[in-house]
Amino acid sequence: MQVCKQKGDLTCLQQQSLQGCCGMGHTRWATHGMASVVNAHPHVSCGGKVVVVHNGIIENYQQLKAELQQKGCTFASQTDTEVVANWLEYTLQQNQQNMHNALQQFMRVAQGSYALVVWFAGALHTLYAVKKDSPLVVGQGPQEAMLASDISALSSSIQRVYVMQNFEYACVTNQHIKIYNQKGKAIKIKYMPKPLQNTFFHKHNYTHYLEKEIYEQPQAVEKTLAYMLPKQKLTVSTLGLTRAYCKQVQHVLFLGCGSAYHVGVTLAQVVQQIAGVSAQAVCASEFRYGTFVLPKHTVVVAISQSGETADTLASVVKAKQMGCFTLGVVNAMHSSISREVHHAIYTQAGPEISVATTKAYSAQLVVGYVLALVLAREKRALHCKNLQTLLTELKKIPSYIAQVLQQRQTIQHIAKQYFQQSQMFLVGRALDYATLLEGALKIKEVSYIHAEAYPSGELKHGPISLIEPNTLLLACLTQPDIAEKTISNMVEAQSRGAQLVAITTSPLPQGIKHVSILLPPVLPLFSASVAIVPMQLLSYELSLCKGTNIDKPRNLAKSVTVE
Ligand code: F6R
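Remember, predicted model here, so these are calculated numbers, not experimental data.

1. Some remarks on the overall build of the chain
The secondary structure content of the chain amounts to 18 helices and 21 strands. For 563 residues, the compact-globule estimate of 2.2 N^0.38 gives 24 Å, and the C-alpha radius of gyration of the chain, at 25 Å, lies within 12% of that figure. Dimensions of the chain, computed from C-alpha atoms along their principal axes, come out at roughly 85 × 55 × 45 Å. For the chain, buried positions account for 55% of its 563 residues. When contacts within the chain are restricted to residue pairs at least 6 apart in sequence, those whose partners lie at least 24 apart make up 69%. Entry remark: accessible area of the chain is about 24400 Å², with carbon and sulfur atoms responsible for 50%. For the chain, the distance from the average site of its 48 positive side-chain charges to the average site of its 33 negative ones is 7 Å.

2. Some words on the environment of V172
Here V172 shows up in strand β8 (residues 168–172). You can call V172 buried: its relative accessible area is 4%. Between the alpha carbons of V172 and Q15 there is a distance of 28 Å; along the sequence they are 157 residues apart. Leave out the neighbours within four places in its chain, and V172 touches H125, T126, L127, V138, A145, L147 and I177.

3. Observations concerning the sheet that holds strand β18 (residues 450–455)
Strand order across the open sheet formed by 5 strands is β18-β17-β19-β20-β21, with parallel pairing between neighbours. Strands at the two margins of the open sheet, each flanked by one partner only, are β18 and β21 (515–518). Going across the sheet, the axis of each strand differs from the next one's by a mean of 20 degrees, ignoring polarity. Summarising the sheet, strand β17 (residues 423–428) and β18 pair through 6 bridges and their orientation is parallel. By the bridge assignment, L426 is partnered in β18 with A453. Along the sheet face, helix α16 (residues 431–447) touches β17, β18 and β19 (472–477) and points at about 175 degrees away from the line of β18.

4. Considering the domain arrangement of the chain
Much of the literature gives interface size as the accessible area that the parts lose upon coming together. The domains assigned to the chain are domain 1 (10–193), domain 2 (202–395) and domain 3 (405–563). Between the C-alpha centres of domain 2 and domain 3 there is a distance of 24 Å. Area buried by domain 2 at its contact with domain 3 is led by Y215, H262 and V355, which between them contribute 19% of it. Linking domain 2 to domain 3 there are 3 salt bridges. Residue R288 is joined to E563 by a salt bridge in which the shortest nitrogen-to-oxygen separation is 3.4 Å. At the boundary of domain 2 with domain 3, the tally comes to 21 residue pairs in polar contact (both at pLDDT 80 or more). Where the side of domain 2 that touches domain 3 is concerned, the elements lending two or more residues are α5 (209–215), α6 (217–228), α8 (259–275), α10 (310–321), α12 (359–378) and α13 (384–395).

5. Notes on the site of the ligand
The environment of the ligand is formed by 14 residues, the closest being S304, Q305, S306, T309 and E445. One of the backbone nitrogen or oxygen atoms of S259 is found 3.2 Å away from an oxygen atom of the ligand. Between the ligand and the protein, one listed contact pairs an oxygen atom with a backbone N or O atom of Q305 at 2.7 Å. Expressed as a share of its isolated accessible area of 400 Å², the protein-covered part of the ligand is 89%.

6. A word on the packing of α13 against helix α14 (residues 397–405)
In the contact formed by α13 and α14, the axes pass within 4 Å of each other and the chain directions differ by 40 degrees. As judged from the angle between their axes, α13 and α14 are oblique. Across the interface between the two elements, E393, L394 and K395 from α13 touch I397, P398 and Y400 from α14. Among the residues forming the contact of α13 with α14, the class breakdown is 4 nonpolar, no polar and 2 charged.

7. Let's talk about the sheet that holds strand β7 (residues 160–163)
Think of a sheet as strands paired side by side through backbone hydrogen bonds, with each pair either parallel or antiparallel. Within the open sheet, the 4 strands sit side by side as β6-β5-β7-β11. Their pairing is antiparallel. In this open sheet, the two strands that pair with only one neighbour each are β6 (145–148) and β11 (192–193). Across 4 bridges, the pairing between strand β5 (residues 137–140) and β6 is antiparallel. By the bridge assignment for β6, Q140 is matched with A145.

8. So, the packing of aromatic side chains
Under the defined criterion, the tally for this structure stands at 8 aromatic pairs. Here the aromatic rings of Y169 and Y180 are separated by 5.1 Å at their centres, their planes lie at 20 degrees, and the arrangement is stacked. Residue Y169 is found in strand β8, and its partner Y180 is found in strand β9 (residues 177–180); the two are separated by 11 residues along the sequence. Given the relative accessible area of 0%, Y169 is considered buried. On the basis of relative accessibility, which here comes to 12%, the residue Y180 falls in the buried class. Ring centres of F287 and F292 lie 5.0 Å apart, and the angle between their planes is 40 degrees; this geometry places the pair in the tilted category. Exposure remark for F287: the relative accessible area of 0% places this residue in the buried category. The positively charged end of R554 is found above the aromatic ring belonging to Y448, 3.8 Å away from the centroid.

9. Overview of the side chain of S259
With respect to the secondary-structure elements, S259 resides in helix α8. Within the structure, S259 has its side chain in polar contact with the side chain of E438 (distance 2.9 Å). Setting aside residues no more than four positions away along its own chain, S259 makes contact with T357, Y361, E438, L441 and K442.

10. Re the pairing of strand β12 (residues 251–256)
Side chains on a regular strand alternate between the two faces of the sheet. In terms of residue burial, β12 counts as a mostly covered element, since 6 of its 6 residues are buried. Judged by which residues are buried, β12 turns out to be covered on both faces: H251, L253 and L255 on one side and V252, F254 and G256 on the other are all buried. On the question of chirality, the crossover connecting β12 to the parallel strand β13 (residues 278–283) by way of α8 is right-handed. Relative to strand β14 (residues 298–304), β12 runs parallel, the two being bridged by 5 bridges. Bridging from a neighbouring strand, V252 pairs with V299 of β14.

11. Notes on the nonpolar core
Counting residues in each nonpolar core, the largest one holds 93 residues, and the members touching the most others are V252, F254, Y369 and L394. In terms of residue count, α12 provides more of this core than any other element does, 12 residues in total.

12. Quick look at unusual backbone geometry
Cis peptide bonds are those with omega within 30 degrees of zero, and the linkage from H41 to P42 qualifies with 0 degrees. As for its placement among the helices and strands, P42 is situated in the loop between α1 (10–14) and β1 (43–44). Although it is not a glycine, R380 sits at a positive phi angle of roughly 50 degrees. Mapped onto the elements, R380 comes out in the loop between α12 and α13. For R380, a relative accessible area of 71% corresponds to the exposed category. Positive phi outside glycine occurs at N555, with the angle close to 65 degrees. Here N555 lies in the segment after α18 (528–546).

Each value, and the rule that gives it
Residues numbered from 1 in each chain as written. Predicted model: local features only at pLDDT ≥ 70, side-chain atom pairs only at ≥ 80, totals over all residues. Heavy atoms only, no water. Helix = DSSP H or I, 4+ residues; strand = E, 2+ residues; numbered from the N terminus. Rg over C-alpha atoms; globule rule 2.2 N^0.38 Å. Buried < 20%, exposed > 50% of the residue type's maximum accessible area, 1.4 Å probe, protein only. Contact = heavy atoms within 4.5 Å. Areas by Shrake-Rupley, 256 points an atom, 1.4 Å probe, with all protein chains shown as cover. Lys, Arg positive; Asp, Glu negative; His and termini not counted. Charge placed at Lys NZ, Arg CZ, Asp CG, Glu CD. Pairing = 2+ DSSP bridges. Axes fitted to C-alpha atoms, helices over the stretch in contact; angles between N-to-C directions. Domains from an automatic or database assignment. Buried area = accessible area lost by both parts, 1.4 Å probe. Salt bridge = Lys/Arg side-chain N within 4 Å of Asp/Glu carboxyl O. Polar contact = N/O pair within 3.5 Å; in protein donor to acceptor, adjacent residues only side chain to side chain. Near = heavy atom within 4 Å. Parallel < 35°, antiparallel > 145°, perpendicular 65-115°, else oblique. Nonpolar A, V, L, I, M, F, W, Y, C, P; charged D, E, K, R; others polar. Phe/Tyr/Trp six-rings, centres within 6.5 Å; stacked < 30°, edge-to-face > 60°. Lys NZ or Arg CZ within 6 Å of the ring centre and 35° of its normal. Right-handed = clockwise from strand over helix to strand, strands pointing away. Core = buried A, V, L, I, M, F, W, Y, C linked by side-chain atoms within 4.5 Å.

What follows is the structure, given as structure tokens:
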């Protein structure tokens with residue numbers, strides 16, 4: 001067995017060449033110990049017999065480590081994964097143990113989450129794998145087999161795929177794949193054909209995936225709307241609901257992390273306004289450990305691009321235990337969340353490669369708009385004519401997004417002027433504030449500029465003390481009835497030296513010095529879908545000016561499978 005590790009990105013590994021016909025690789029998300037060569041996977045047991053790669057967290061690793069140390073095992077790294085390698089090696093050395101028994105025993109002993117691939121010096125042409133709560137798929141091609149955390153990571157030669165379930169383990173060679181349950185009983189593998197998706201992996205004429213995916217938004221939204229509105233009509237069945245149940249719904253709870261949570265913040269307001277049903281958004285990481293009293297007929301909507309976010313997945317499990325009906329708004333088919341929820345709705349954004357999400361965010365929003373309209377119709381909260389008007393406005397969103405994408409030059413100018421700033425403020429009210437939360441996250445994560453969103457009325461309760469001469473204050477004004485309030489807050493900040501940029505559906509009154517990004521006449525209720533686009537472009541342009549790693553910002557991963 002040859003092991004090669006590097007710190008940095010995959011190009012560092014490409015310079016090394018390893019020979020062989022069986023192997024494993026891993027890009028590490030540092031959970032225990034810093035990002036260093038010694039902490040990088042694969043981890044080799046102290047006797048050199050077992051090699052493992054691991055996604056997830058072994059929660060009782062310290063206890064296991066102490067026990068192993070007492071038995072004479074030594075450790076080189078600070079990771080929980082090395083404990084697995086040593087634990088398996090030690091167990092295999094005991095009488096009558098083979099890898100099957102060792103893995104079955106491991107599942108009884110280990111706490112936490114794991115997708116593990118194990119290589120054992122006694123069987124160099126076999127890979128073993130075991131999983132609990134972290135995703136793992138196995139794929140078969142004409143002459144090879146592969147394991148990966150995601151279907152999209154499998155090579156194009158793979159023809160059929162099996163998504164492993166919790167407490168299953170696999171024994172894989174290039175000739176055969178065998179899957180066993182926790183008791184060691186072989187199970188019949190139900191393969192599915194590997195979905196075709198390779199065209200998404202080309203950047204075409206774009207420099208970065210982020211840029212490409214920002215420009216793919218009109219199609220992503222259009223396709224998702226077509227999926228949500230079969231024959232252009234509202235139906236309860238796309239939502240997995242019945243008309244009778246819709247009438248009973250008392251509360252809608254949106255759960256998600258990061259951008260997906262921001263989608264929920266917007267949708268909670270939209271559902272209340274359109275359907276008159278109480279709604280809220282909670283970060284999945286807060287929901288899973290918090291106390292929440294939910295009305296009897298609560299629909300929980302779990303939003304996730306990857307469908308694998310550990311906190312969102314755990315929140316779905318909790319919501320089901322609380323007796324809620326769970327809906328998943330998921331982009332990745334066959335993902336863990338889509339299998340866990342009562343009903344999965346698939347956004348039609350196509351695979352998203354850039355770590356920072358854009359097109360999935362936009363697709364998730366329109367799914368929620370349709371949910372709001374369906375609830376409104378079934379609860380008779382809206383007059384038919386108004387419902388029809390909203391549907392017509394909904395269908396205009398893709399073309400509005402396309403119009404905003406043409407304002408790239410104005411945004412480039414803004415980026416060139418402000419990319420050296422260390423902080424920015426984004427202000428707006430109600431739905432605008434919800435959109436700005438996402439705008440600020442985009443700017444932060446890709447350009448590394450500290451951008452913070454505030455409800456504009458909150459500015460004078462503290463943050464205004466941070467305004468210095470030339471600080472950028474970006475305001476969002478798509479809600480005509482409250483726009484004037486935000487304009488007053490902008491002027492207050494300007495008199496303390498702030499430079500103003502407005503993303504707005506109506507020109508600002510004359511006399512206020514500012515740069516405007518004028519949006520097409522989107523309905524205020526659906527404004528998030530259009531107002532977010534200039535902020536996505538701004539985060540991209542700022543990052544270009546700064547030279548950051550746009551598609552893979554530092555410290556981030558596309559799929560966060562650990563809590
Ligand atoms: C931000 C971003 C993250 C994700 C979050 C949830 O650009 O991509 O904040 O939104 O990690 O991921 P999913 O949607 O896969 O559950």
